[in-house]
Amino acid sequence: MTSPVSRPPATEPESADRIAAFEARIANGESIEPKDWMPEKYRQQLVRMMSQHAHSEVVGMLPEGNWITRAPSLRRKMILLSKVQDEAGHGLYIYCGTETLGVDRHELVEQLLSGKAKYSSIFNYPTITYADVGVIGWLVDGAAIVNQTVLAKASYGPYARAMIRICKEENFHKRQGFELVAHLSQDGTPEQKAMVQDAVDRWWWPSLMMFGPHDKDSPNSDSLLRWRVKRFTNDELRQRFINLTIPQARAVGLTVPDPDLVFNEETKNWETGPIDWDEFWRVVKGEGPCNRERLAARNKAHDEGAWVRAAATAYAEKHAHRKQTEAA
Ligand code: 3HC
């Protein structure tokens, strides 16, 4: 199937003056649009980050999709179905945004399917009980909102605009998750309360890892911050998420699995114990509990969708031919 034509950004050679003018636009708060001149490094960083983000949305359908057929009521099934469907839409939307940078999405999808591309570590953990659906909505979508609300002010226009729309839907995702968590933890049987606490125990640390490595180990942050793609560092956003989430956990009688957690009266921050970065890098490098399963599922879906792509291509060709004949 051919990809929609994507226009490569202006390709005039780089010069100190051009870079200075580009950076002045960014400092001035201007939005960079697809046809504008941009340094090649800026373009590459955006392709890297946006494609990883798109892949994350698509792979992110799998852990929860696992529960659609086993949702405990029609209401829960409808909520979960529409949430998972939203994630597919987010992925497609961000792939479109990435194509405005002159790459072909099929190339990006190929990188995902072959295991070459990264996607968020969080989606390589298993969903063991239905409480995981609530906890993912609350913690994982909650973390995504903290990260993506800021990206809605990113300097690259198509990405920022995609984030505005996506964050609206992520808010619904978080609310449905917290509502389920609150229901289980406050109105549930002792078994249900234990089930939701167990889910928090398993998802807490991986959710903190979503924000990426510590700032000192984040090679991409400097340029992304300078170009205002990122507005805050990984650690700053992680801290914001922790400060928002601990009071929510306490409000519904849940605890996070961190014996070192302490509130710092001076900074007004909740300070956590150390994050297991060895685990993080293992998962990022493909050795998490579900990395192989996730890639196998995406490859299977891609193979089984071949007939859909063939049919869409045939339809597009037929339509174009008819238009040509009518115009002649
Ligand atoms: N999982 C997998 N890889 C990660 C990661 C994570 N949680 N955090 C960082 N990495 C990778 C980076 O991609 C980078 O690898 P690369 O240089 O080979 O591309 C390396 O680790 C070093 O990290 P950096 O901090 O230097 O990378 P960034 O500056 O790009 O920061 C980020 C990482 C904070 C994830 C940033 O890229 C970002 O904000 N991305 C956009 C948002 C996004 O992709 N979110 C993923 C979750 S989507 C989601 O949650 C869907 C929702 O529906 C739930």
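Model, not experiment: these values are computed from the prediction.

1. Comments concerning the overall build of the protein chain
Step number 1: When helices and strands are tallied, the protein chain shows 13 helices and two strands.
Step number 2: Here the C-alpha radius of gyration of the protein chain, 22 Å, is about what a compact globule of 328 residues would show, namely 20 Å.
Step number 3: Viewed in the frame of its principal axes, the protein chain has a C-alpha envelope of about 75 × 50 × 30 Å.
Step number 4: Expressed as a percentage of the 328 residues in the protein chain, the buried residues total 46%.
Step number 5: When the accessible surface of the protein chain is totalled, it reaches about 16800 Å², and 56% of it is carbon and sulfur.
Step number 6: With 42 positive and 44 negative side-chain charges, the protein chain shows a separation of 5 Å between the mean positions of the two kinds.

2. Digging into the packing of helix H4 (residues 74–99) against helix H5 (residues 105–113)
Step number 1: Put simply, H4 and H5 touch, their axes get as near as 9 Å, and they point 120° apart. Considered as vectors, H4 and H5 are oriented oblique to each other. Counted together, Leu92, Tyr95, Cys96, Thr98 and Glu99 of H4 and Arg105, Leu108, Val109 and Leu112 of H5 form the full contact between these two elements.
Step number 2: Residue composition of the contact of H4 with H5, by class: six nonpolar, one polar and two charged.

3. Details of the site of the ligand
Step number 1: With respect to spatial proximity, 35 residues lie near the ligand, and among them Gln52, Glu87, Lys118, Ser218 and Lys230 are the closest.
Step number 2: Here Pro219 contributes a backbone N or O atom positioned 3.3 Å from an oxygen atom of the ligand.
Step number 3: In the environment of the ligand, an oxygen atom lies 2.8 Å from a nitrogen or oxygen atom belonging to the side chain of Asn234.
Step number 4: Calculation on the ligand without its partners gives an accessible area of 1000 Å², and the protein chains cover 91% of this total.
Step number 5: Among the secondary structure elements, those contributing two or more residues to the shell around the ligand are helix H2 (40–59), helix H6 (131–151), helix H7 (157–187), helix H9 (221–226) and helix H11 (277–287).
Step number 6: Within the shell around the ligand, the residues separate by chemical class into 16 nonpolar, twelve polar and seven charged.

4. Quick word on helix H1 (residues 16–27)
Step number 1: In this model, H1 (twelve residues) spans 16 Å end to end at C-alpha, consistent with the 16 Å of a helix rising 1.5 Å per residue.
Step number 2: Gly29 sits one or two positions beyond H1 and adopts a positive phi of about 80°.

Reading the values: the criteria
Residues numbered from 1 in each chain as written. Predicted model: local features only at pLDDT ≥ 70, side-chain atom pairs only at ≥ 80, totals over all residues. Heavy atoms only, no water. Helix = DSSP H or I, 4+ residues; strand = E, 2+ residues; numbered from the N terminus. Rg over C-alpha atoms; globule rule 2.2 N^0.38 Å. Buried < 20%, exposed > 50% of the residue type's maximum accessible area, 1.4 Å probe, protein only. Areas by Shrake-Rupley, 256 points an atom, 1.4 Å probe, with all protein chains shown as cover. Lys, Arg positive; Asp, Glu negative; His and termini not counted. Charge placed at Lys NZ, Arg CZ, Asp CG, Glu CD. Axes fitted to C-alpha atoms, helices over the stretch in contact; angles between N-to-C directions. Parallel < 35°, antiparallel > 145°, perpendicular 65-115°, else oblique. Contact = heavy atoms within 4.5 Å. Nonpolar A, V, L, I, M, F, W, Y, C, P; charged D, E, K, R; others polar. Near = heavy atom within 4 Å. Polar contact = N/O pair within 3.5 Å; in protein donor to acceptor, adjacent residues only side chain to side chain. Expected span 1.5 Å × (residues − 1).

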